[in-house]
Amino acid sequence: MNDDKTPMTMDIHEILKRLPHRYPILLVDRVVELIKGERIRAIKNVSINEPFFLGHFPHRPVMPGVLVLEAMAQAATLLSLASMDMVLDEHSVVYFAGIDNARFKRPIEPGDQLILDVTLDRAKAGVYKFTGRALVGEQLAAEAQLMCTMRRIEA
């Protein structure tokens, strides 16, 4: 077991155990560093085989900005769940509660490796606020403040 400040990693098998997302919407391939209650650094390998590239755009494939935000949110969810030592069950879901100050600085294209850096800013009353950054190499591709909340759902 890791203590709260020992960095942890996750391969795709561990991610699949923790997130309910599946192809084609699973947007985190690996967690390279996670410090509970603080931050996560994860990777999304962007491939020309992604289904959204068929229509966005056929003449110049670019990853949609909303999916970059979704990738950041999935990384944030992994951080939240690990921080609480929790695994989602079939009656729990994590939703966006808000997105502020989203900025897109460079296009993300097939062959890019998207680095998702997300820090936990605040957790209060079941609402989590994060600062997310998506990088390609050292270049900032996108950034935003994200708010997420967990809800129980009935089957």
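You'll find the structure just up there.
Residues numbered from 1 in each chain as written. Predicted model: local features only at pLDDT ≥ 70, side-chain atom pairs only at ≥ 80, totals over all residues. Heavy atoms only, no water.

## What to know about the nonpolar core
Counting 38 residues, the largest nonpolar core has Val31, Met63, Leu114 and Leu116 as the members making the most contacts within it. The set of elements that each furnish at least two residues to this core consists of strand S1 (8–10), strand S2 (30–35), strand S3 (39–45), helix H2 (65–83), strand S5 (113–124), strand S6 (127–136) and strand S7 (139–152). In terms of residues, this core owes the most to one element, H2, which gives ten residues. When near neighbours in sequence (up to four residues on either side) are disregarded, Leu114 contacts Ala42, Ile43, Lys44, Val46, Met63, Val68, Ile108, Ala134, Leu135 and Val136. (Core = buried A, V, L, I, M, F, W, Y, C linked by side-chain atoms within 4.5 Å. Buried < 20%, exposed > 50% of the residue type's maximum accessible area, 1.4 Å probe, protein only. Helix = DSSP H or I, 4+ residues; strand = E, 2+ residues; numbered from the N terminus. Contact = heavy atoms within 4.5 Å.)

## Notes on the sheet that holds strand S4 (residues 92–104)
Spatially, the seven strands line up as an open sheet ordered S1-S2-S3-S5-S6-S7-S4, and their pairing is antiparallel. A single partner strand is all that each edge strand has here, and the edge strands are S1 and S4. Sheet twist, expressed as the mean angle between neighbouring strand axes with direction ignored, is 20°. Across ten bridges, the pairing between S6 and S7 is antiparallel. In the strand pairing of S7, Arg133 is matched with Glu143. With respect to the sheet, H2 is in contact with S1, S2, S3, S4, S5, S6 and S7, its orientation differing from that of S5 by roughly 55°. (Pairing = 2+ DSSP bridges. Axes fitted to C-alpha atoms, helices over the stretch in contact; angles between N-to-C directions.)

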